[in-house]
Each structure stands twice: as C-alpha cells, then as structure tokens.
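# Overview (structure and organization)
Below, each chain spelled out in residue letters.
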Amino acid sequence: MSDIDIAARTAWGEARGEGARGMQAVLNVIGNRAAQPGWWGASIGSCCLKPWQFSCWNRTDPNRAQLLAVTSTDPQFRIAQALASLLVASRLADITGGSDHYFAEGVDPAPVWSIDRMPRCTIGQHVFYRVGLEG
C-alpha cells in the first residue's frame, strides 16, 4: 500500500463518523508525527502502522476488516483519499495546532500521556494534544 492509501484508510478507520474535518485532524496527527521521526515511526506509512498507535489497525479492532475492505465507492473514503493526497503533497492545512496525539472524548480513564497536558483543541469527538515536542 502507498502512503496515500495507508493514511486514507487510517483517517477513515479512525474518524469516518466525524466527516472531512475529523478525518483531516487525524491526518494532521499522522503528518505531525512523520515530521518528527521517533519511536512512532519515520514516515506517513510507518506512523500509521506502528502497533497500538491507531486503534483501527489493531488486529482485534472491528474496524480493521472494514478499513482493509473499503473502496472508493464509499463517499467518506473518497474524502479521506483526497485529504491523504494533500497530506502526502505537504498541502494539508494543520487544524490541530501541531498535535501528535489524540483520544476520543469520554475515554475513562484518560490515557496516561494526557495527564497534566493541556489539549490543543477538540474536533468532533476527539481531543488533540502535542506530546512529542512541547511548545
């Protein structure tokens, strides 16, 4: 799979219910991680596929089979593909304020990494943070 395909499937798997803006925010996190190579990966594809980073790719996640099977006949996936193309071309505006992490609102308990950190923004049902580089 290409970086565009992997990123589009990740955005669709994580945020298709959030519409274009929610999928764009997930793609921004992917792009921000790829721009800061680290333990989470060094490229768009590796950041998406790093185990336990985007739950839609977890082998036990019910979204995994769906994201592997989705095609461009799905309108939300077509949007994800268009946005992922912009990401790969470095033309996708960052609406997350540089965030490199997020989680779904209402998750209890909140992830350990979010403790004592201020969120950058909330988009749809996701709360976004910058963890890799503070600032």
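Residues numbered from 1 in each chain as written. Predicted model: local features only at pLDDT ≥ 70, side-chain atom pairs only at ≥ 80, totals over all residues. Heavy atoms only, no water.

Looking now at the packing of aromatic side chains. For the coordinates displayed, the defined rule picks out seven aromatic pairs. By way of ring pairs, the aromatic residues Phe54, Tyr102 and Phe128 are connected into one cluster. Here the guanidinium or amino end of Arg16 rests over the ring plane of Trp12, the centre of that ring lying 4.0 Å away. (Phe/Tyr/Trp six-rings, centres within 6.5 Å; stacked < 30°, edge-to-face > 60°. Lys NZ or Arg CZ within 6 Å of the ring centre and 35° of its normal.)

Here we come to the confidence of the model for the protein. For the protein, the mean per-residue pLDDT works out to 94, and 98% of the residues sit at or above 70. Looking across the protein, the model is least confident in helix α4 (residues 62-69), with a mean pLDDT of 93, and most confident in helix α5 (residues 75-88), with 98. (pLDDT = per-residue confidence, 0-100. Helix = DSSP H or I, 4+ residues; strand = E, 2+ residues; numbered from the N terminus.)

The next subject is the sheet that holds strand β1 (residues 101-104). Hydrogen bonding along the main chain pairs the strands of a sheet, whether they run parallel or antiparallel. The three strands lie next to each other as β1-β3-β2, forming an open sheet whose pairing is antiparallel. Lying at the two open borders of the sheet, with one neighbouring strand each, are β1 and β2 (121-123). The sheet shows a mean angle of 25 degrees between the axes of neighbouring strands, direction not considered. The pairing of β1 with strand β3 (residues 126-129) spans four bridges and is antiparallel. Bridging across to β3, His101 finds its partner in Tyr129. Contacts from helix α2 (residues 19-35) reach β1, β2 and β3 within the one sheet, and its direction differs from that of β1 by about 145 degrees. (Pairing = 2+ DSSP bridges. Axes fitted to C-alpha atoms, helices over the stretch in contact; angles between N-to-C directions. Contact = heavy atoms within 4.5 Å.)

Between the first and last C-alpha of helix α1 (residues 3-15) there are 18 Å, a value that for 13 residues agrees with the 18 Å anticipated at 1.5 Å per step. With 11 of its 13 residues buried, α1 lies for the most part within the structure. Three or more residues of α1 are buried, namely Asp5, Ile6, Ala7, Ala8, Arg9, Thr10, Ala11, Trp12, Gly13, Glu14 and Ala15. Next to the buried residues of α1 lie α2, α3 (44-49), α4, α5, β1 and β3. (Expected span 1.5 Å × (residues − 1). Buried < 20%, exposed > 50% of the residue type's maximum accessible area, 1.4 Å probe, protein only.)

Negative phi is the rule for most residues except glycine; trans is the rule for most peptide bonds. Note that the residue after Asp108, namely Pro109, is joined by a cis bond; omega there is 5 degrees. Among the secondary structure elements, Pro109 is positioned in the loop between β1 and β2. One non-glycine residue, Ser90, lies in positive phi territory at about 60 degrees. Examined against the element boundaries, Ser90 turns out to sit in the loop between α5 and β1.

The subject of this paragraph is the pattern of salt bridges. Side chains that carry opposite charge are capable of pairing whenever their charged atoms lie near each other. Counted by the stated rule, this structure contains one salt bridge. When the shortest N-O distance is used, the salt bridge between Arg9 and Asp5 registers 2.9 Å. Within this pair, Arg9 and its partner Asp5 are both found in helix α1, separated by four residues, close to a single helical turn. Neither residue differs from the other here; Arg9 and Asp5 are each classed as buried. (Salt bridge = Lys/Arg side-chain N within 4 Å of Asp/Glu carboxyl O.)

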